[in-house]
Structures are given as structure tokens and as C-alpha cells.
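Inside the fold
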Amino acid sequence: MAAFVGMLPLFAGLTDFCLAYACGVLSGWSWFIFWEMGGGRLRIKKVINNNILCVVDEKGQEMIVTGKGLGFKRKTGERVDPALVEKTYRMEDKAEQRKLRELCQQIPLEHLRMTQELIEYIKPQLTTKLNESLLVTMADHISFAIKRKKEGVEFTNPLQGAIMCYYPAEYRLGQRCLREIQRQLHVELNESEAAFIALHIVNAELNTNMTEMYDITRLIEGTLAVVEYYYQRTFDRESLDFSRFVVHLRYFAQRLFQEKALQDSGDENDASFQQMIALSCKQHYKCAQCIAEYILNTYHKTLSGEELIYLTIHLKRINSTWK
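This write-up is about the structure you can find in this document. (Residues numbered from 1 in each chain as written. Predicted model: local features only at pLDDT ≥ 70, side-chain atom pairs only at ≥ 80, totals over all residues. Heavy atoms only, no water.)

1. A word on the packing of helix α8 (residues 210-231) against helix α9 (residues 240-257)
For the pair α8 and α9, interaxial distance at closest approach is 9 Å and the crossing angle is 130°. If you check the angle between α8 and α9, you find them oblique. Viewed along their axes, α8 and α9 form a crossing whose handedness is right-handed. Mapping the contact onto sequence places E212, D215, I216, L219, I220, T223, L224 and V227 in α8 and F242, F245, V246, L249, R250, F252, A253, Q254, L256 and F257 in α9. Here the residues of the contact of α8 with α9 are counted per class, giving 13 nonpolar, two polar and three charged. (Axes fitted to C-alpha atoms, helices over the stretch in contact; angles between N-to-C directions. Helix = DSSP H or I, 4+ residues; strand = E, 2+ residues; numbered from the N terminus. Parallel < 35°, antiparallel > 145°, perpendicular 65-115°, else oblique. Left-handed = near helix turned anticlockwise from the far one by under 90°. Contact = heavy atoms within 4.5 Å. Nonpolar A, V, L, I, M, F, W, Y, C, P; charged D, E, K, R; others polar.)

Now the structure itself:
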């Protein structure tokens, strides 16, 4: 490293923005150097359009900056005065940052800006931290939905009823997003889009992808069908106990599909506890076994004794309030 530092004067004749790459020169190291003199400024990495730039700060962190005319007649390597920047978008994850950069080239800036505003509204309404990827996935979905609407193509969500029931808070936020889209962009999307947006929000809560989220929702729906058939009763969808049970199923399904299901510890005390619950709550334990059979037949996944006990406890709780 000392040898490399000694080479810095060699670059003295270059401009204050220097990009050097050397391979296998300094003790077998490869170097990618972003050297910027006069810190505190942003350097243009890519001009996306007249109003959007991809820039790098003095720490080498990439971000998207926007502002009226910010990219007009600008070139890669030029400096940008931060005072001219109206909005900054930066992802901690590099892969997500790349997706954001690519998305900015594909959708109108107003769609990105509005989505960011929607997310800022959504965050304090929920108790779970949202994954930063929500900006990319939700902006992409909203922009595509608006485009489809203008072309006369609209999708329906076959799981809309289930989403409305199992994720009520997120669904209401999805409805709020539709109203804001209509207010700001004068585009009236159909109600199914509220369900799609709700799933994107739940994805960001659970750190899942959309395919996994559909599987989770279907598993919840199937499990509830098994439970209601077993007890020959219907859940009160508005009750607190139902809401708690669905939350448990949500995280239970997430563990299952991410191969993180609870495993039996092999501890004698744990085994004794499981046996005690199975004996004292025979009816509910049998229902849990029915759920396990449904999951095995449908998803080819086997539940541990630990998962069965947790299901039994929740089944007992929700069943105790039924009349």
C-alpha cells in the first residue's frame, strides 16, 4: 500500500477526477480507484435523462439524484452541486441500487417520486420495518399498472378476497395508494390493484418475493379451510383472535417456504412439554395434525413436533372464543 501511495504524484497532471485500474501490479492486488479532489461534491456516473443522474459521492457510494434540468447537457465525470439536487434515492444493497438505476431509465420520474411519497406514508402505519426493495418493486408495479390502464388492459387478482381478509392493514394502505394515484396522476386503477400493492407491502415486511408471497397466501387460505371444516365453524374475520391466528400463519408459512421451520431440539423437557400439550389439547392437536397432512400433501413439507405444538396452542386460543 505504501508503494501505491508513493505513486500518487504520477497522477498529478490529470484532472481532479481520476479513475485508475491496475491489475497484478502491487503485490498481486487489483485496484479500482475513485479519486476525487475537492470533496463534498457529487460526480456523474451516468446521465439517465435531463432530470435524473446516477452519481457517486466522495465515499464512492452510488445514488440517484433528481432535479429539473439536472442532467441537461451533462457528461460522465462532471461534478454536480448538491444544492441543485431536489431528491436523492440511495439503496444500501448494491443489487437493489442497480435495479433502481435501471428502473429510472424505464419509468417516468413522477411515478418514482409518487411511490416514494406513498412509502413514506406507509412506514409509520406499520409496526414492521420495510425492506428497502419496496421502492423498486412498488414503483415498477404502479408504473406498469398505469401503462396497462391507458392501453385498456386491466388485471384481476384471484387472491383479492384472501388478501383483503388476511392482510387488512396492508390492503387498506393499498386502497389509500389508489386514491393518491387518482389524485396526483388522474388515473383510476381498479380495486384489484389495491390487493397487488398490499402484497408488495407484505413482501417488504417479510423479506420475501412475490412468488413466495402467493404461496404463503394460498397456504393460509388452505389452512383456514382445513380448520373451519374440522371444527365445522366459521371464523369471525373481524375478531382480534382471528387476526392473531393469521399473523401466526403468515410467519409460519414464511418459515416453511424459506426452509427455516422450527425443528425439534431433542431435549427431554421439550419433548415432555409437547406430549403434555398433545394430551391436554387432544382436539386441537388433532386439527394441527390435519393441517400437517394438508401441507405434506400439497407442498410436500413435513412439520416438526415444535410447529405442531405452536399450531395447537393458537387453535386452542381461537377456538375458546367461538360461540
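Next comes the rest of the account.
2. Here's the deal with the sheet that holds strand β6 (residues 79-80)
Sheet architecture is open: five strands sit in the order β6-β3-β4-β5-β7, paired in antiparallel fashion. If you trace the sheet from one side to the other, it starts and ends with β6 and β7 (87-89), each paired once. As paired strands, strand β4 (residues 52-56) and strand β5 (residues 62-66) are joined by five bridges and run antiparallel to one another. Along β5, the bridge assignment pairs C54 with I64. Set on the sheet, helix α3 (residues 109-122) makes contact with β4, β5 and β7; between it and β7 the angle comes to about 80°. (Pairing = 2+ DSSP bridges.)

3. A short note on the pairing of β5
Across the five residues of β5, five count as buried, placing the element largely inside the fold. From the end of β4 to the start of β5, which pair antiparallel, there are five residues, and G60 there has a positive phi angle of about 85°. Bridge count between β5 and β7: three bridges; the pairing is antiparallel. Among the inter-strand pairings, V65 is bridged to a residue of β7, identified as T88. (Buried < 20%, exposed > 50% of the residue type's maximum accessible area, 1.4 Å probe, protein only.)

4. Focus: the packing of aromatic side chains
The geometry of an aromatic ring pair is captured by two quantities: the separation of the ring centres and the angle between the planes. Counted according to the given criterion, the structure contains five aromatic pairs. An angle of 55° between the planes, with centres 5.3 Å apart, marks the rings of F235 and F242 as tilted. With relative accessibility at 5%, the residue F235 sits in the buried group. Since its relative accessible area comes to 1%, F242 is described here as buried. Residues Y294 and Y299 carry aromatic rings whose centres are separated by 6.2 Å and whose planes lie at 90° to one another, so their mutual orientation is edge-to-face. One exposure class covers both Y294 and Y299, and it is buried. The ring of F144 is capped by R148, whose NZ or CZ atom sits 5.0 Å from the centre of that ring. Just above the ring of F155 sits the side chain of R148; from NZ or CZ to the centre is 4.1 Å. (Phe/Tyr/Trp six-rings, centres within 6.5 Å; stacked < 30°, edge-to-face > 60°. Lys NZ or Arg CZ within 6 Å of the ring centre and 35° of its normal.)

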